Number of protein chains: 2
Amino acid sequence: MPQNIPVVEKILSANDKLAQENLARIDAAGIFAINIMASPGAGKTSLIERTVRALSPKYRIGMINGDIATSLDADRAAAAGAVAVQINTGGNCHLDAVQLQSALDQLDLSSLDLLIVENIGNLICPAEFKLGTHKNVIVASIPEGDDKPHKYPSMYRGADVLILNKIDLLPYVPFRMEFFSQGVAALNPGVTQFNLSCTTGEGLDAWLGWIDGQIKK
Amino acid sequence: MPQNIPVVEKILSANDKLAQENLARIDAAGIFAINIMASPGAGKTSLIERTVRALSPKYRIGMINGDIATSLDADRAAAAGAVAVQINTGGNCHLDAVQLQSALDQLDLSSLDLLIVENIGNLICPAEFKLGTHKNVIVASIPEGDDKPHKYPSMYRGADVLILNKIDLLPYVPFRMEFFSQGVAALNPGVTQFNLSCTTGEGLDAWLGWIDGQIKK
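It should be emphasised that the depicted structure is a prediction, and the values quoted were computed from it without experimental measurement. Starting afresh in each chain, residues are numbered from 1 along the sequence in its written order. Here every chain gets a letter starting at A, and every ligand a number starting at 1, in the order they are written. A pLDDT threshold of at least 70 governs which residues receive local features in this predicted model, and a stricter bar of 80 or more applies before side-chain atom pairs are shown or counted, although totals over entire chains, interfaces and linings include all residues.

Caption draft 1: Representation of the overall build of chain A in the model. Comment: elements are numbered from the N terminus, with helices defined as DSSP H or I runs of at least four residues and strands as E runs of at least two. On a plain count of helices and strands, chain A comes out with eight helices and seven strands. Taking 2.2 N^0.38 as the reference for a compact globule, 217 residues should give roughly 17 Å; the C-alpha atoms of chain A span a radius of gyration of 17 Å, in line with that estimate. Along the first, second and third principal axes, the C-alpha atoms of chain A reach 50 × 45 × 35 Å. The contact rule is simple: place each C-beta atom from the backbone, and if two of them lie within 7 Å, those residues are in contact. For chain A, long-range pairs separated by at least 24 residues make up 77% of all intrachain contacts whose partners lie at least 6 apart in sequence. Computation of the radius of gyration draws on C-alpha atoms alone. For the globule rule, the value is 2.2 Å times the number of residues to the power 0.38.

Caption draft 2: Representation of helix H2 (residues 44-55) of chain B. Residues and elements named next belong to chain B. Each helix should span, by expectation, one fewer than its residue count multiplied by 1.5 Å. When the terminal C-alpha atoms of H2 are compared, their 16 Å separation across twelve residues agrees well with the 16 Å that a helix rising 1.5 Å per residue should span. Burial of H2 is extensive: ten of the twelve residues sit out of reach of the surface. Listed as buried for H2 are Lys44, Thr45, Ser46, Leu47, Ile48, Glu49, Arg50, Thr51, Val52 and Leu55. A residue is called partly exposed when the number of other C-beta atoms within 10 Å of its own lies between 12 and 20, exposed at 12 or fewer, and buried at 20 or more, with C-beta atoms placed from the backbone.

Caption draft 3: Just the sheet that holds strand S2 (residues 61-67) of chain A, in detail. Residues and elements named next belong to chain A. Pairs of strands are assigned from DSSP output, requiring at least two bridges between the strands. Sheet architecture is open: seven strands sit in the order S3-S2-S4-S1-S5-S6-S7, paired in parallel fashion. The open sheet has two edge strands with one neighbour each: strand S3 (83-88) and strand S7 (192-195). Neighbouring strand axes in the sheet, compared pairwise and without regard to direction, differ in orientation by 20° on average. For S2 and S3, the ladder comprises six bridges, and the chain directions are parallel. Bridge pairing in S3 links isoleucine 64 to valine 85. Its contacts with the sheet put helix H3 (residues 72-80) on S2, S3 and strand S4 (114-121), and the angle it makes with S2 is roughly 165°. Where helices are involved, their axes are fitted lines through C-alpha atoms of the stretch in contact, as for all axes, and angles between N-to-C directions lie from 0 to 180°.

Caption draft 4: Representation of unusual backbone geometry in the model. All names here are of chain A. A positive phi is found at threonine 70, a non-glycine position, where the angle reads about 70°. Position of threonine 70 among the secondary structure elements: in the loop between S2 and H3. For threonine 70, a count of 17 C-beta atoms within 10 Å gives the class partly exposed.

Caption draft 5: Structural context of helix H7 (residues 177-187) of chain A. All names here are of chain A. Every buried residue of H7 is listed here: Phe180, Gly183 and Val184. Seen from one end, H7 has its buried residues packed into an arc of 95°, which puts them on one side. Opposite its buried face, H7 presents the exposed residues Glu178 and Ala185, each directed more than 90 degrees away. Contacts made by the buried residues of H7 are with helix H5 (148-151), helix H6 (153-157) and strand S6 (161-165). Taking the helix axis as origin, the arc is that swept by the directions to the C-beta atoms.

Caption draft 6: The arrangement of the interface of chain B and chain A in detail. The partner chain A presents 28 residues to the 28 residues of chain B that form the contact. Put simply, the parts of the chain that give the side of chain B that touches chain A at least two residues each are helix H5 (148-151) and helix H6 (153-157) of chain B. When residues of the side of chain B that touches chain A are assigned to their parent elements, the largest contribution, three residues, is made by H5 of chain B. In this count, Pro and Cys sit with the nonpolar residues alongside Ala, Val, Leu, Ile, Met, Phe, Trp and Tyr, while Asp, Glu, Lys and Arg are called charged and the others, Gly among them, polar. Tallied by class, the residues present in the side of chain B that touches chain A amount to 13 nonpolar, nine polar and six charged.

Caption draft 7: Expanded view of the sheet that holds strand S4 (residues 114-121) of chain B. All names here are of chain B. Taken in spatial order, the seven strands make up an open sheet running S3-S2-S4-S1-S5-S6-S7, and their pairing is parallel. Every interior strand has two partners, whereas the edge strands, strand S3 (83-88) and strand S7 (192-195), have only one. Taking each pair of neighbouring strands and ignoring which way they run, the sheet shows an average axis angle of 20°. Across five bridges, the pairing between strand S5 (residues 135-141) and strand S6 (residues 161-165) is parallel. Residue pairing across strands places valine 137 opposite valine 161, the latter belonging to S6. Where helix H3 (residues 72-80) meets the sheet, it contacts strand S2 (61-67), S3 and S4, and its direction lies at approximately 165° from that of S2.

Caption draft 8: Looking closely at the pairing of S6 of chain A. All names here are of chain A. For S6, a buried count of four out of five residues is recorded, marking the element as mostly surrounded by other parts of the structure. By the bridge criterion, four bridges tie S6 to S7 in an arrangement that is parallel. Considered in S7, the bridge of valine 161 is made with threonine 192. Whether a crossover is right-handed depends on one test, that the path from the first strand over the helix to the second runs clockwise when the strands point away from the viewer. Crossover handedness for the path S6 to H7 to S7: right-handed.

Caption draft 9: Expanded view of the relation of the copies chain B and chain A. For this overlay, a least-squares fit was computed on C-alpha atoms, restricted to residues scoring pLDDT of at least 70 in both copies. Once turned by 180° and shifted 0.0 Å along the axis, chain B lies on chain A with an RMSD of 0.0 Å. In short, the pair behaves as if placed about a two-fold rotation axis. Comparing interface residues between copies, 100% of those in chain B also lie at the interface in chain A; the contact surface is shared.

Caption draft 10: Molecular detail of the packing of helix H2 (residues 44-55) of chain A against helix H8 (residues 204-214) of chain A. Residues and elements named next belong to chain A. At a minimum axis distance of 11 Å, the contact between H2 and H8 shows a crossing angle of 65°. When the axes of H2 and H8 are compared, the crossing they make is right-handed. Where H2 approaches H8, its residues Arg50, Thr51, Ala54 and Leu55 are matched on the opposing element by Leu204, Leu208 and Ile211. Should the near helix be turned anticlockwise from the far one by less than a right angle, the crossing is termed left-handed; should it be turned clockwise, right-handed.

Structure representation (structure tokens):
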């Protein structure tokens, strides 16, 4: 249906414009903001819990959670020490800049240092929609398999940071690290990568150190 | 954007109509057809490999694979003994009835007993689009976590069969079987469920027996 292409382009360009406005608001408040994306079950929420627990003694953290249904993830972030806002998208498969704007309205931005946005669990659609954060973080995980960069290129291409989670499961599943890394290098050679386990805590310090270095002092 | 709703409804209804036509073609050829859906990395392709390897001595199997990029999955199914057709959707996040129709054109339907469609790795969008198969199969996996039925209700609601894969990883990850089952029961109390591991082979026989019972003799 080629007649629909101009409409899609118009929606994306309106979204990008609003994303710029969101980013300007976030910058004006002196906040560092990240957009965390992954397939369902890669460990976004566990990573956020760990991050909030480690950094909330030092920084004031806001968390915006997008989900199809339930507030399970926002509840976990709030319990860890963040100010959490839940966006239930109904059936929608990604967050967009309009939804981020309305979530920002619900937060006292002047009271925050770090804003973590947890996108919908989906390796495809969220990559198309800028929100207005500083960095895109993609979470991959060992049991998902080593072929994911090859099969979901747009998500890997657009990431600033790649977290490879659940490395504690490496002894129990077939995962060719070299095949995974080849896929990543072909799409996004400069990406910052952290291999870690949110279950054991291994490798978390490097990730936490990276965030700490990004937050405006 | 409420003005868009009638357009979406029209697209879905055209898709459903074409799905019925696909199903009529499949039925006329005496084929049993399943649509396998899951999040990325739940193990769709491993399940299909195992299924094709076990059943191809007895039945003639076609496999239609939808993916954003690469033919890795179709290659694996073909190596296991299926006649495989690859659909690369570009950026598209689900298969639809039009794509199934053109894939059916590439197969000699009269030579097949079983048709396996592997949908795009996505727990959200594929649930909205009927293809024209007899049964929807959703593959969940232990390391994805026990909260997935609660968080992705439409996919679980529309499934005829639920496969809970990677049960060999139960000793290594936190997974509350009761919480998972509560979510499933609330959405889809009559679903046929198989717990199995494509790595060890545990539980596969029950699934293979179910498929065998569905194939027209």
